[in-house]
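# Commentary on secondary and tertiary structure
Take a look at the letters that make up each chain.
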Amino acid sequence: MRFLWWRLLVFLAAGAWPFWWVYQAWIFALGPDPGKVLVDRLGLGTLVLLMVTLCMTPLQRLTGWPGWIAVRRQLGLWCFAYALMHLAAYLFFVLGLDWGQLGVELRKRPYIIVGALGLLCLLVMAVTSNRYSQRRLGRRWKLLHRLAYMVLGLGLLHFLWVVRADLKEWSVYAGVGVLLMVVRVPGVVRRLPRLGAG
Amino acid sequence: MLIKLAKASDSKESEVTPHASYLSRRTLLGGSMLALAATGLPRLAAADPSLYADVDPGKAPTWFAKKLPNTQWQAVTVKGEAITPFKDATHYNNYYEFGTDKGDPAANAGALKTEPWSVVIDGEVAKPGRYALEDFMQPYQLQERIYRMRCVEAWSMVIPWLGFPLADLLKQVEPTSKARYIRFETLNDPAVMPGQRSDFALIQWPYVEGLRLDEAMHPLTILAVGMYGRELPNQNGAPLRLVVPWKYGFKGVKSIVRISLVSEQPTTTWQNIAPDEYGFFANVNPKVDHPRWTQARERRLPSGLFSPNVRDTQMFNGYEEEVASLYTGMDLRKNY
């Protein structure tokens, strides 16, 4: 396999965080409400991984190094895995596994609905991320996986609706999100400098 | 005067979880680490051994140290509920003037200078004025009030406050017949409060809160100057804060510099930001949701990693018997 060590490095770097957080919670380093901290960190981790995934294509264009694309699918799947863990932590720590309440939340709370939609999009992309689906879907595969842009928007909206009083942190994420979309505009792509040979 | 409140939410001293067993629980869980950390800290003053485990003794102002021995301990308690560890009550705070993360107040509030401190009393009162805190506190005996504290964000704690009934202050300053509400203001000092310097804050400083006069006169409503047998740590609203146990925590305005008696209902800070989410009354009510989350249940902190301490929220935070009569005939769904 090409880029074996690079792939392995990315795998370990992306997968290590939740273990580290659970360990921190275990030694009481996350304060009196570790569940809530885990929910928040996993949610933010999902968004960060999505953004990192969306960096791969522009980075490849910029540098010409094919290693970026080699880890793109893996990063996308990590993003999905974080989203699943975020959901599990929410169900366990916030709802206390009260399934009836989940139904209520899914009907009444816009930010929960938006989050659920984003997770659904990620699910669709995760199950079609294999070579077989790529071959079968052909050109439609690329179109389908543009859902990632929608997830970015949904994720930022989900985040915005959780903010209570200070938009500073959110603004930073939204700014990066906008930048990632701008570098995909065809007119901008052509003007981007190419550092590598690619 | 000794106010004796024996109500349903009270309990005898024997019903409160003994400190000794509370301590042993902690020792079992993470005691070794904490003990290590505690022995590393220099003890500034050789204060009396605190009633509570692992309390940083702080550095009490002279007026506070003088009052403490005459404190009426456990004047109000809660039934069969463990008191939140001091470390959690002082390192998990909402005090947006010092930052929006729960750990920010503990990290940043050290810069707040609480001595000297003065409080302005104005508006519809016979005796307005600006008082130095030690003179302001002079008439009152401290009482310990162990109250549940329910945050609007659906977490809760049990905290032993030291303070005195707000009603006693109101008797001193003599509200006029026009006074119908009371308005509180927190310190506005961007130089020491990084949250007030943020360009992205939705809050208009200073922080403002208010109560209806009958709520302010209720014997459960106190102005607190201490907790866990010591003066208030800065991050908990030193040197003077409001505690209204049947309302969401954000009503408990911190580091008060101004108390005004007014005739019109004041607009509070959170009402200003999101009137559909935060009402003037903000009574704890499991049947009225926050638009973005349910208020039916709460996480009692500390909440464990493998046993989330989720419990049902009680009407008026368990003080229904004492305070429900204040709201007779009011639609609590509209007046949230």
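Residues numbered from 1 in each chain as written. Chains lettered and ligands numbered in written order. Predicted model: local features only at pLDDT ≥ 70, side-chain atom pairs only at ≥ 80, totals over all residues.

Moving on: the overall build of chain B. Assigned secondary structure in chain B consists of nine helices and 13 strands. For chain B, the residues scored as buried account for 44% of the 336 residues in total. Long-range pairs, those at least 24 residues apart, make up 72% of the contacts in chain B between residues at least 6 apart in sequence. (Helix = DSSP H or I, 4+ residues; strand = E, 2+ residues; numbered from the N terminus. Buried ≥ 20, exposed ≤ 12 C-beta atoms within 10 Å, placed from the backbone. Contact = placed C-beta atoms within 7 Å.)

Turning our attention to the overall build of chain A. Helix and strand content of chain A: eleven helices and zero strands. When the helices and strands of chain A are read in sequence order from the N terminus, they spell out α-α-α-α-α-α-α-α-α-α-α. Taking 16 Å as the expected radius of gyration for a compact globule of 198 residues, we find that chain A reaches 18 Å, a close match to that expectation. With the principal axes as the frame, chain A shows a C-alpha extent of 55 × 40 × 35 Å. Residue burial in chain A is summarised as follows: out of 198 residues, 27% are buried. (Rg over C-alpha atoms; globule rule 2.2 N^0.38 Å.)

Turning our attention to the sheet that holds strand β11 (residues 256–262) of chain B. All names here are of chain B. Taking strand neighbours across the sheet as the criterion, the five strands line up as β3-β2-β11-β6-β7 in an open arrangement whose pairing is mixed. Either end of the sheet is taken by a strand with one partner, and the two such strands are β3 (129–132) and β7 (208–212). Neighbour to neighbour, the strand axes of the sheet diverge by 20° on average, direction disregarded. Sheet analysis places strand β2 (residues 118–123) next to β3, joined by four bridges and oriented antiparallel. Across the sheet, residue Ile121 finds its bridge partner in β3, namely Gly129. (Pairing = 2+ DSSP bridges. Axes fitted to C-alpha atoms, helices over the stretch in contact; angles between N-to-C directions.)

Think of two packed helices as two axes; the pair is described by the angle between the axes and how far apart they sit. Residues and elements named next belong to chain A. Where helix α6 (residues 110–127) contacts helix α9 (residues 147–160), the axes come no closer than 9 Å and their chain directions differ by 155°. Comparing the axis directions of α6 and α9 gives the class roughly antiparallel. The chirality of how α6 crosses α9 is left-handed. Within the contact between the two elements, α6 uses Tyr111, Val114, Gly115, Leu117, Gly118, Cys121, Leu122, Val124 and Met125 and α9 uses Leu147, Ala148, Met150, Val151, Leu154, Gly155, Leu157 and His158. (Parallel < 35°, antiparallel > 145°, perpendicular 65-115°, else oblique. Left-handed = near helix turned anticlockwise from the far one by under 90°.)

What follows covers the nonpolar core. The biggest cluster of nonpolar side chains holds 64 residues, and the ones touching the most others in it are Trp161, Leu223 and Ala224 of chain B. The element that contributes the greatest number of residues to this core is strand β5 (residues 155–165) of chain B, accounting for six residues. If you look at the next biggest cluster of nonpolar residues, it comprises 35 residues, including Leu30, Ala89, Leu152 and Leu154 of chain A. (Core = buried A, V, L, I, M, F, W, Y, C linked by C-beta atoms within 7 Å.)

The next thing to look at is the environment of Thr128 of chain A. Relative to the elements of secondary structure, Thr128 of chain A occurs in the loop between α6 and α7 (131–137). Leave out the neighbours within four places in its chain, and Thr128 of chain A touches Ser133, Leu137, Trp141 and Leu144 of chain A.

Residue and element names in this part refer to chain B. Note that β5 and strand β12 (residues 297–300) share two bridges and pair parallel. By the bridge assignment for β12, Trp155 is matched with Arg299. Inspection of the sheet shows β12 paired to strand β13 (residues 310–312) by three bridges, in the antiparallel sense. Bridging across to β13, Glu298 finds its partner in Arg311.

Taken together, the 21 residues of chain A in the interface contact 27 residues of chain B. Counting residues per element, the ones that place at least two in the side of chain A that touches chain B are α1 (4–26), α2 (34–63), α4 (72–94) and α10 (168–182) of chain A. Counted by class, the side of chain A that touches chain B contains twelve nonpolar, five polar and four charged residues. (Nonpolar A, V, L, I, M, F, W, Y, C, P; charged D, E, K, R; others polar.)

With that settled, consider α6 of chain A. All names here are of chain A. Compared with the 26 Å implied by 1.5 Å per residue over 18 residues, the 26 Å span of α6 between its first and last C-alpha is a close match. Within the span of α6, buried status applies to Gly115, Gly118, Leu119, Cys121, Leu122 and Met125. Taken end-on, α6 shows its buried residues confined to a sector of 160°, consistent with a single buried face. Exposed residues pointing more than 90 degrees away from the buried face of α6 are listed as Pro110 and Val127. Elements in contact with the buried residues of α6: α4 and α9. (Expected span 1.5 Å × (residues − 1). Arc of directions from axis to C-beta.)

Residue and element names in this part refer to chain B. Summing up the model confidence of chain B, the mean pLDDT is 88 and the portion of residues at 70 or higher is 85%. Counting interchain partners and residues more than four positions distant, the pLDDT-below-50 stretch residues 26–47 has 13 contacts. Across the assembled chains, the prediction reports ipTM 0.78 with pTM 0.82. (pLDDT = per-residue confidence, 0-100.)

Residue and element names in this part refer to chain A. One way to put it is that α4 packs onto α6 with a least axis distance of 10 Å and a crossing angle of 140°. When the axes of α4 and α6 are compared, the pair comes out oblique. The crossing of α4 and α6 is left-handed. Residues Gly76, Leu77, Cys79, Phe80, Ala83 and Leu87 of α4 form the contact with α6, whose participating residues are Leu119, Leu122, Met125 and Ala126. The residue makeup of the contact of α4 with α6, split by class, is nine nonpolar, one polar and no charged.

A few words now on unusual backbone geometry. Residues and elements named next belong to chain B. The residue after Trp205, namely Pro206, is reached through a cis peptide bond having omega 0°. Relative to the elements of secondary structure, Pro206 occurs in the loop between β6 (181–186) and β7. In this structure, Glu174 takes a positive phi of about 55° despite not being glycine. Following the sequence through the fold, Glu174 ends up in the loop between α6 (166–173) and β6. We classify Glu174 as partly exposed; it has 13 C-beta atoms within 10 Å. Positive phi is not limited to glycine here, since Tyr228 has a value of about 50°. Along the chain, Tyr228 turns up in the loop between β8 (222–227) and β9 (230–231). Looking at Tyr228, the number of C-beta atoms within 10 Å reads 28, which means it is buried.

Another point: the environment of Glu185 of chain B. Residues and elements named next belong to chain B. Among the secondary structure elements, Glu185 is positioned in strand β6. Between the alpha carbons of Glu185 and Val120 there is a distance of 9.7 Å; along the sequence they are 65 residues apart. Setting aside its immediate chain neighbours within four residues, Glu185 contacts Pro206, Val208, Ile256, Val257 and Arg258.

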